Amino acid sequence: MDMTKVQPRSGEHNVEDLDALREGFDWEEIKKDFSWYKTGKVNAAYEAIDRHAENPNKKDQVALLYSAPDREESVTFEQLSKQSNKTANIFKKYGVQKGDRVFLFMPRSPEFYANFFGILKVGAIAGPLFEAFMEQAVRDRLEDSEATMLITTPELLKRVPVEDLPHLKQIVLIGANDGTEGDNYINFEEEMAVASENFDIEWVDREDGMLIHYTSGSTGKPKGVYHVHNAMIQHYATGKWVIDFKDDDIYWCTADPGWVTGTSYGIFAPWLHGVTNVIRGGRFSPESWYETLDKHNVTIWYTAPTALRKFVSAGDELVKQYDLSSLRHVMSVGEPLNPEVITWALRVLDLRIHDTWWMTETGAMLIVNLPSMEIRPGSMGRPIPGVEAAIVDNEGNELPPNQMGNLAIKKGWPSMMRAIWKNPGKYESYFIKDWYVSGDSAYMDEDGYFWFQGRLDDVINTSGERVGPFEVESKLIEHKAVAEAGVIGKPDPERGEIIKAFITLNPGYESSDELLEDIRQFVKTGLSAHAAPREIEIKDSIPKTRSGKIMRRLLKSWELGLPTGDTSTLEE
Ligand code: WTA
């Protein structure tokens with residue numbers, strides 16, 4: 001069997017011919033599927049939820065199928081509409097206004113989604129945070145966004161430095177036992193018990209803010225990537241073309257809503273299409289994930305290479321214990337999808353895995369594999385209609401096929417970020433001429449397939465999570481024993497990369513296993529578990545440029561035993 005090309009499966013697909021669709025494509029055609037195209041009244045929460053709740057044929061369909069070890073729940077479109085009307089009423093009662101930032105720091109649960117849509121319904125901007133964040137990570141994001149309201153639990157509240165956040169006026173507590181918390185605390189259950197199920201949704205402009213996702217770059221604190229309601233156009237379009245949604249699909253996106261995949265494709269794409277969306281709480285294990293696919297008869301599954309590699313390692317025998325015959329296809333995002341994983345899925349699941357490439361900043365998929373398309377294992381696929389992708393040099397000139405360079409997108413696609421929150425300089429720095437430059441290096445073959453080569457900056461991708469080395473270095477040097485730190489991503493067969501830190505010690509400290517473990521724990525409990533270095537190496541000095549920048553590239557070359565290249569800027 002020729003594994004360099006995998007042909008499409010027969011069956012009816014929403015798009016039969018990508019080239020034909022691309023020909024003369026106009027986003028205007030897609031807009032016609034939205035109710036605002038006729039009414040002029042815009043709100044993504046209305047399109048995703050209320051529109052189906054108003055449809056007699058749709059309202060009783062299960063929108064959210066929640067499955068966690070200790071809780072199973074089905075929520076219909078009508079119920080989700082009413083619940084989010086209630087949360088919207090609570091927000092309004094406590095003074096949340098259009099454009100305010102309301103952050104969510106809570107477990108993935110039905111309440112999360114009711115709150116999320118309530119935020120959109122009052123015209124506010126939602127900021128979902130990973131539950132795993134520790135104090136520093138929470139502080140940075142709430143400080144920068146100047147969030148006025150936070151929705152959290154008593155347990156997670158311990159990681160919120162409330163006194164240091166002057167903009168944060170109110171905290172909605174979920175699962176608080178009594179009302180003793182004080183004036184600035186709102187008891188979620190008590191308010192929900194009395195809130196009205198009716199709400200006059202705030203109609204917005206398509207260019208009004210909807211979401212802020214913080215993500216990491218190679219320098220500075222995490223940046224707030226700002227998305228507007230208009231992004232729904234592309235969430236919907238890619239849901240139709242790439243996910244290939246049909247009315248009766250049961251879809252499962254495994255991503256956490258703290259990550260853009262968990263909102264664009266864990267919330268908007270499925271619900272704009274009115275399909276049943278499986279949300280799973282609890283921890284990952286191959287057994288429990290297979291069980292979820294089996295039990296709920298999932299038809300389409302969107303996940304990440306890091307999870308898929310764990311399924312491969314779990315062996316072929318395990319998968320035979322489950323009935324996965326409902327599955328139509330699998331999709332992947334976040335890191336390079338290894339060809340071996342595709343081969344495994346063809347052999348063991350008899351399914352193709354469709355890789356998709358995009359970023360927090362791009363808001364939705366840009367380079368993809370459609371069900372009707374030939375896939376080439378190792379390639380991320382081809383650009384969606386209405387999007388122009390190219391490989392450009394550092395001046396923004398397009399390069400010919402098979403030449404490596406910057407993966408770039410012609411600006412102006414519907415879901416493109418509209419700003420980096422309060423940081424116009426950072427936003428501008430993404431663009432060369434008309435191109436959005438991704439920071440990934442890639443090449444394009446003669447047939448227009450794109451092949452990922454690596455990151456061009458120092459951003460680390462560990463188990464699909466984007467980690468900025470600067471953040472980890474900053475935390476490390478807060479430890480009393482650490483003088484200087486340089487952090488790199490080190491290739492790892494399962495996690496893609498792991499975080500490795502090089503440090504120098506302050507006078508009076510000696511290297512020991514206990515000290516290294518203490519430093520690791522310090523990052524883990526201060527920042528977040530996924531940012532904690534798996535390896536720490538003590539050095540006499542950290543290589544820096546004459547201007548004092550840590551030379552992570554040199555650290556990496558040393559680590560990998562590669563030639564060190566140009567070191568002319570190295571400090572003596
Ligand atoms: C990487 C949000 C290879 C890439 C979805 C990108 C990928 C970064 C792929 C974005 C893919 C994403 N193949 N690499 N299919 N998809 N990446 O914003 O380096 O957390 O720039 O992802 O992940 O990370 P983010």
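About the thresholds
- Residues numbered from 1 in each chain as written.
- Predicted model: local features only at pLDDT ≥ 70, side-chain atom pairs only at ≥ 80, totals over all residues.
- Heavy atoms only, no water.
- Helix = DSSP H or I, 4+ residues; strand = E, 2+ residues; numbered from the N terminus.
- Rg over C-alpha atoms; globule rule 2.2 N^0.38 Å.
- Buried < 20%, exposed > 50% of the residue type's maximum accessible area, 1.4 Å probe, protein only.
- Contact = heavy atoms within 4.5 Å.
- Areas by Shrake-Rupley, 256 points an atom, 1.4 Å probe, with all protein chains shown as cover.
- UniProt positions renumbered as here; feature names shortened; annotations may be inferred.
- Core = buried A, V, L, I, M, F, W, Y, C linked by side-chain atoms within 4.5 Å.
- Near = heavy atom within 4 Å.
- Polar contact = N/O pair within 3.5 Å; in protein donor to acceptor, adjacent residues only side chain to side chain.
- Nonpolar A, V, L, I, M, F, W, Y, C, P; charged D, E, K, R; others polar.
- Pairing = 2+ DSSP bridges.
- Axes fitted to C-alpha atoms, helices over the stretch in contact; angles between N-to-C directions.

**Regarding the overall build of the protein chain**
Working step 1: Of regular secondary structure, the protein chain possesses 19 helices and 27 strands.
Working step 2: Over its C-alpha atoms the protein chain spans a radius of gyration of 24 Å, differing by no more than 12% from the 25 Å that the globule rule assigns to 572 residues.
Working step 3: Structurally, the protein chain occupies a C-alpha span of about 75 × 65 × 50 Å along its principal axes.
Working step 4: The 572 residues of the protein chain split such that 58% are buried.
Working step 5: Restricting to contacts in the protein chain with at least 6 residues of sequence separation, those with at least 24 account for 69%.
Working step 6: Counting every atom, the protein chain has about 23,300 Å² of accessible surface; 47% of that belongs to carbon and sulfur.

**Considerations on the UniProt feature "domain: AMP-binding enzyme C-terminal" (unreviewed entry) in the protein chain**
Working step 1: Per the UniProt record, the feature "domain: AMP-binding enzyme C-terminal" (unreviewed entry) sits at residues 471-549.
Working step 2: With 25% helix and 32% strand, residues 471-549 has its two end C-alpha atoms placed 14 Å apart.

**Focus on the nonpolar core**
Working step 1: Phe 116, Phe 117, Trp 241, Tyr 251, Tyr 265, Phe 268 and Trp 271 are the most contacted members of the largest nonpolar core, which has 104 residues in total.
Working step 2: The biggest single contributor to this core is helix α11 (residues 260-272), with seven residues.
Working step 3: Each residue touching Phe 117, except ones within four places of it in the same chain, is listed here: Ala 45, Ala 48, Ile 49, Leu 80, Ser 84, Ile 267, Phe 268 and Trp 271.
Working step 4: Core analysis: the next-biggest nonpolar cluster, separate from the first, contains 44 residues, Phe 130, Leu 168, Ile 499 and Ala 501 among them.

**Brief notes about the site of the ligand**
Working step 1: Around the ligand, the surrounding shell holds 19 residues, and the nearest of these are Trp 259, Asp 355, Thr 356, Thr 360 and Arg 466.
Working step 2: In this structure, a nitrogen atom belonging to the ligand sits 2.9 Å away from a side-chain N or O atom of Asp 355.
Working step 3: The side chain of Arg 455 places a nitrogen or oxygen atom 2.9 Å from an oxygen atom of the ligand.
Working step 4: Protein chains bury 98% of the 540 Å² of accessible surface belonging to the ligand in isolation.
Working step 5: Of all elements in the fold, only α11, β14 (353-357) and β22 (450-455) reach the threshold of two or more residues within the shell around the ligand.
Working step 6: With three residues, β14 is the largest single contributor of residues to the shell around the ligand.
Working step 7: Tallied by class, the residues present in the shell around the ligand amount to nine nonpolar, five polar and five charged.

**Details of the sheet that holds strand β16 (residues 382-383)**
Within a sheet, each strand pairs with its neighbour through backbone hydrogen bonds, oriented either parallel or antiparallel.
Working step 1: Here we have nine strands laid out as an open sheet, ordered β2-β1-β11-β10-β12-β13-β14-β15-β16, and mixed in their pairing. Taken across any chain shown, the strands that pair with only one partner, and hence form the sheet edges, are β2 (71-76) and β16.
Working step 2: Looking at chain direction, strand β10 (residues 250-253) and strand β11 (residues 276-280) are connected through three bridges and run parallel. Note that in β11 the partner of Ile 250 across the bridge is Thr 276.
Working step 3: Here helix α12 (residues 286-295) sits on the sheet and contacts β1 (62-68), β2, β10, β11 and β12 (300-303); the angle it forms with β11, its principal contact strand, is near 155°.

**Considering the pairing of strand β9 (residues 223-228)**
Working step 1: Within β9, six of the six residues are buried, leaving the element largely enclosed by the surrounding structure.
Working step 2: Burial of the side chains of β9 extends over both faces: Lys 223, Val 225 and His 227 are buried on one face and Gly 224, Tyr 226 and Val 228 on the other.
Working step 3: Examined bridge by bridge, strand β8 (residues 209-215) and β9 share six bridges and lie antiparallel to one another. Within the sheet, the bridge partner assigned to Tyr 214 lies in β9 and is Gly 224.
Working step 4: Bridge count between β9 and strand β19 (residues 419-420): two bridges; the pairing is antiparallel. Bridge assignment links Val 225 to a residue of β19, and that residue is Ile 420.

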